Structures are given as C-alpha cells and as structure tokens.
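Structural description and commentary
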Amino acid sequence: MTVTLEVRDNVGTIRLDRPPMNALDVAVQDRLRELAEEATRREDVRAVILYGGEKVFAAGADIKEMQAMDHTAMVVRSKALQDSFTAVARIPKPVVAAVTGYALGGGCELALCADFRIAADNAKLGQPEILLGLIPGAGGTQRLARLIGPSRAKDLIFTGRMVKAEEALTLGLVDRVVPAAEVYEQAHAWAAKLAKGPALALRAAKESVDAGLETDIDTGLTVERNWFAGLFATEDRERGMRSFVEEGPGKAQFL
C-alpha cells in the first residue's frame with residue numbers, strides 16, 4: 001500500500017510509502033482520504049502522526065500524471081484532491097506532521113493540514129507550483145496564509161522558493177526543528193501525551209480554534225461557548241475537576 005495507518009499507544013501513524021519521493025498521485029490522495037476518515041472513526045486512535053519516512057515527507061504531486069490531464073479532467077479531479085486534504089485537516093483529534101527532507105507542493109500542503117509540525121534539521125519546504133505555471137491547489141493558498149500571514153505566504157507562493165528548516169521555523173511554517181534522527185520519536189511523544197488527554201475536550205478545542213479562524217469573532221465565540229458549556233455534560237470533565245479538587249492540578253487520568 002502507498003499509504004498505511006498503524007496504531008501504537010493510541011497514536012495512529014498515517015505513513016506515506018511511495019518511493020523514492022512519496023509523490024502524491026491520485027491513488028495516494030484517495031488513500032489519504034480513506035485513512036483520515038478511518039482515523040476519525042476509530043476509538044483506539046486518539047492522536048495522529050503524518051509521516052513520510054526517514055528521507056522525505058512528500059516532494060509534491062505526480063507531475064507526469066498531472067501533465068496528462070486537460071482542463072476538463074482537472075475540473076473533476078481538483079475537488080477530490082482538496083477533499084482528501086480537507087479530510088486530514090478535519091480529523092477531530094490532535095495531528096502532528098513529522099517532516100523529513102522535502103515537503104514541497106502537495107507535501108507542504110499536507111503538512112499544513114496538521115495542528116503542529118516537527119521538522120528535521122534537513123527539511124526543505126515550499127510551494128513551487130508557480131514554476132509550473134500553476135498555483136497551489138490542495139489548500140496552500142488558504143492554509144498557508146492563515147498560518148504565516150498573507151505577505152509571507154505570497155512570498156513563498158509567488159517565488160516558488162524552498163525554505164530550509166530554520167527559516168521555516170522563523171516564518172512559523174514549522175513549530176519545532178530537531179535532528180533528523182529524532183523527528184518521528186519526538187512527534188510520537190507529542191501525540192502520545194495528548195492521546196492520554198480528554199478526547200472530547202481536545203476535539204472541542206480543535207474545532208473551536210479552526211472554526212474561529214474561518215469566521216468572524218462573534219461566531220467563533222459562539223462556537224467556543226457552546227462547546228465549553230457542552231463539556232460540562234461529560235465524564236472527562238467530572239473526572240478532571242474531581243482530580244483537581246482532591247489531588248491538585250495535572251493529575252487526572254482520562255484513559
């Protein structure tokens with residue numbers, strides 16, 4: 001399989017495995033959507049890692065496959081492409097991208113679908129679609145601008161340039177830079193810690209932040225308020241508050 005889902009310690013790893021560069025062809029895109037939906041459904045998956053292996057995250061779309069498509073074919077395919085990435089972005093659980101090597105074009109856009117990005121010190125990220133006479137088509141013009149701001153996003157999109165890990169960290173494109181050999185384990189540690197947390201509260205936090213970024217502040221506050229009040233009906237809220245009162249902060253067990 002070109003993409004797999006493996007679960008350890010309630011952490012699901014969605015692993016790209018299409019050597020040599022994990023090019024995101026139609027089959028990979030469709031499989032990503034399937035596994036994102038599976039990770040969403042499965043109760044034993046409480047956090048997710050996006051990973052391309054030790055050498056490369058994903059170097060972009062399959063250009064040869066795309067070259068064979070005409071306008072009509074891409075009108076049909078572009079919606080499915082975006083839907084695949086949106087399925088990843090909407091996994092209602094914490095998602096971390098473990099980025100090694102190249103994360104370009106669709107690879108960068110896939111990393112943007114995560115909540116947190118840990119990059120290897122040898123990582124290179126970018127949106128080089130402009131060099132093909134195109135623009136990002138899997139969410140890059142939208143998610144990148146929301147993440148690092150419109151001016152910085154336009155610089156990367158207009159020029160198509162790659163940025164190394166340290167510049168990506170400065171831009172806010174990644175959240176942590178670590179030695180390449182440590183990327184996956186650090187990503188797993190981040191995910192495993194959150195996998196032990198209150199699942200519904202984490203879902204509420206993620207959906208409140210994401211929904212707020214897509215609307216006006218009053219609507220965002222309404223989303224937050226509804227989730228906040230609704231969590232008072234959950235067992236995790238009862239357990240968390242009881243533990244705080246009886247044992248002090250940070251000692252509640254939610255699994």
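Above this note sits the structure.
Below: a short report on this structure. Every chain begins its residue count from 1, and numbering advances along the sequence as written. Given that the model is predicted, a residue must reach a pLDDT of at least 70 before its local features are reported, and side-chain atom pairs must reach 80 or more before they are shown or counted; all residues, however, enter totals for whole chains, interfaces and linings. Values shown for side chains rest on all heavy atoms present in the structure; no hydrogens or waters enter the calculation.

The next subject is the overall build of the chain. Think of it this way: any DSSP run of H or I at least four residues long counts as a helix, any run of E at least two long counts as a strand, and we number them from the N terminus. Counting secondary structure elements, the chain contains 11 helices and nine strands. Taking 2.2 N^0.38 as the reference for a compact globule, 255 residues should give roughly 18 Å; the C-alpha atoms of the chain span a radius of gyration of 19 Å, in line with that estimate. If one aligns the C-alpha atoms of the chain with their principal axes, the spans along those axes are about 60 × 40 × 35 Å. Taking all contacts inside the chain whose residues are at least 6 apart in sequence as the whole, residues at least 24 apart take part in 69%. For the chain, the exposed area adds up to about 13300 Å²; of that, 56% sits on carbon and sulfur atoms. Restricting the calculation to C-alpha atoms gives the radius of gyration, and the globule rule supplies 2.2 Å times the number of residues raised to the power 0.38. We call two residues in contact whenever any of their non-hydrogen atoms come within 4.5 Å of each other. The method behind every accessible area is Shrake-Rupley, applied with a 1.4 Å probe, and residues are considered shielded solely by the protein chains displayed.

Within the secondary structure layout, Asp 25 lies in the loop between strand 2 (11-16) and helix 1 (26-41). When residues no more than four places from it in sequence are discounted, the contact partners of Asp 25 are Arg 18, Asp 62 and Glu 65.

Moving on: the packing of helix 1 against helix 3 (residues 71-89). Two elements in contact, helix 1 and helix 3, have axes whose closest approach is 8 Å; the angle formed by their N-to-C orientations is 40°. Here helix 1 is positioned oblique relative to helix 3, judged by the angle of their axes. Where helix 1 crosses over helix 3, the handedness of that crossing is left-handed. Facing Val 26, Gln 29, Asp 30, Leu 32, Arg 33 and Ala 36 of helix 1, the residues of helix 3 in contact are Arg 77, Leu 81, Asp 83, Ser 84, Ala 87 and Val 88. Asp, Glu, Lys and Arg are counted as charged, while Ala, Val, Leu, Ile, Met, Phe, Trp, Tyr, Cys and Pro are counted as nonpolar; the rest, among them Gly, fall into the polar class. Here the residues of the contact of helix 1 with helix 3 sort into six nonpolar, two polar and four charged. The convention used is that axes are lines fitted to C-alpha atoms, helices contributing only their stretch in contact, and that angles between N-to-C directions extend from 0 to 180 degrees. In this scheme, roughly parallel covers angles under 35 degrees and roughly antiparallel covers those over 145, while 65 to 115 is roughly perpendicular and the rest are oblique. A clockwise turn of the near helix away from the far one marks a right-handed crossing, whereas an anticlockwise turn of less than a right angle marks a left-handed crossing.

With that out of the way, let us pick up the nonpolar core. In plain words, nonpolar cores are sets of buried Ala, Val, Leu, Ile, Met, Phe, Trp, Tyr and Cys residues tied together by side-chain atoms within 4.5 Å. For every residue, the accessible area obtained with a 1.4 Å probe (protein chains only) is divided by the maximum for its type, and the residue is called buried under 20%, exposed over 50%, and partly exposed between those limits. If you look at the biggest cluster of nonpolar residues, it comprises 47 residues, and the most contacted ones within it are Ile 14, Leu 50, Phe 57, Leu 125 and Leu 173. In contact with Leu 125, other than residues within four places in its own chain, are Ala 103, Leu 104, Cys 108, Arg 161, Met 162, Val 163, Ala 168, Leu 173 and Val 174. Ile 49, Val 96, Trp 190 and Ala 192 belong to the second largest nonpolar core, which has 17 residues in total.

Secondary-structure assignment places Asn 122 in the loop between strand 6 (116-120) and strand 7 (124-126). Considered as a pair, Asn 122 and Lys 206 are 84 residues apart in the sequence and their alpha carbons are 29 Å apart. Apart from residues lying up to four places away in sequence, Asn 122 is in contact with Thr 100, Gly 101 and Ala 180.

Another point: helix 10 (residues 217-230). To estimate how far a helix should reach, multiply one less than its number of residues by 1.5 Å. Compared with an ideal rise of 1.5 Å per residue, which puts 14 residues at 20 Å, helix 10 spans 20 Å between its outermost C-alpha atoms and is within 8% of the ideal. With a side-chain oxygen lying 3.1 Å from the backbone nitrogen of Asp 218, the N-terminal cap of helix 10 falls on Asp 216. Contacts described as polar in this section are N or O atom pairs within 3.5 Å, which, within protein, must combine one atom able to donate a hydrogen with one able to accept it, while residues neighboring in sequence count only if both atoms come from side chains.

Reading across from one edge, 1-2-3-4-6-9 is the order of the six strands in this open sheet, with mixed pairing throughout. At either margin of the open sheet sits one strand with a lone partner, and together these are strand 1 (3-8) and strand 9 (176-178). Neighbour-to-neighbour, the strand axes of the sheet open up by a mean angle of 20°, direction not taken into account. Alignment of strand 2 against strand 3 (residues 47-51), held across five bridges, turns out to be parallel. For two strands to count as paired, DSSP must find a minimum of two bridges between them.

Moving on, we get to the sheet that holds strand 7. Strands sit in the order 5-7-8 across an open sheet of three strands; the sheet is mixed. Looking at strand neighbours, the two that pair on one side only are strand 5 (102-104) and strand 8 (162-164), the edges of this open sheet. Averaged over all pairs of adjacent strands, the angle between strand axes in this sheet comes to 20°, irrespective of strand direction.

In this section: the packing of aromatic side chains. For Phe, Tyr and Trp, rings pair up if their centres lie within 6.5 Å, where Trp contributes its six-membered ring, and each pair is then called stacked (planes under 30 degrees apart), edge-to-face (over 60) or tilted (otherwise). Taken as a whole, this structure holds three aromatic pairs when the rule is applied. Each ring, one from Tyr 51 and one from Tyr 184, has its centre 4.8 Å from the other, and the planes form 45°; the classification is tilted. Of this pair, Tyr 51 sits in strand 3 while Tyr 184 sits in helix 8 (residues 183-195); the two residues are 133 residues apart in sequence, bridging distant segments of the chain. On the basis of relative accessible area, Tyr 184 is assigned to the buried category, the value being 19%. Measuring from centroid to centroid gives 5.2 Å for Phe 116 and Trp 190, while their planes differ by 10°, and the two rings are stacked. Separated by 74 residues along the polypeptide, Phe 116 in strand 6 and Trp 190 in helix 8 bring together distant segments of the chain. Exposure remark for Trp 190: the relative accessible area of 19% places this residue in the buried category.

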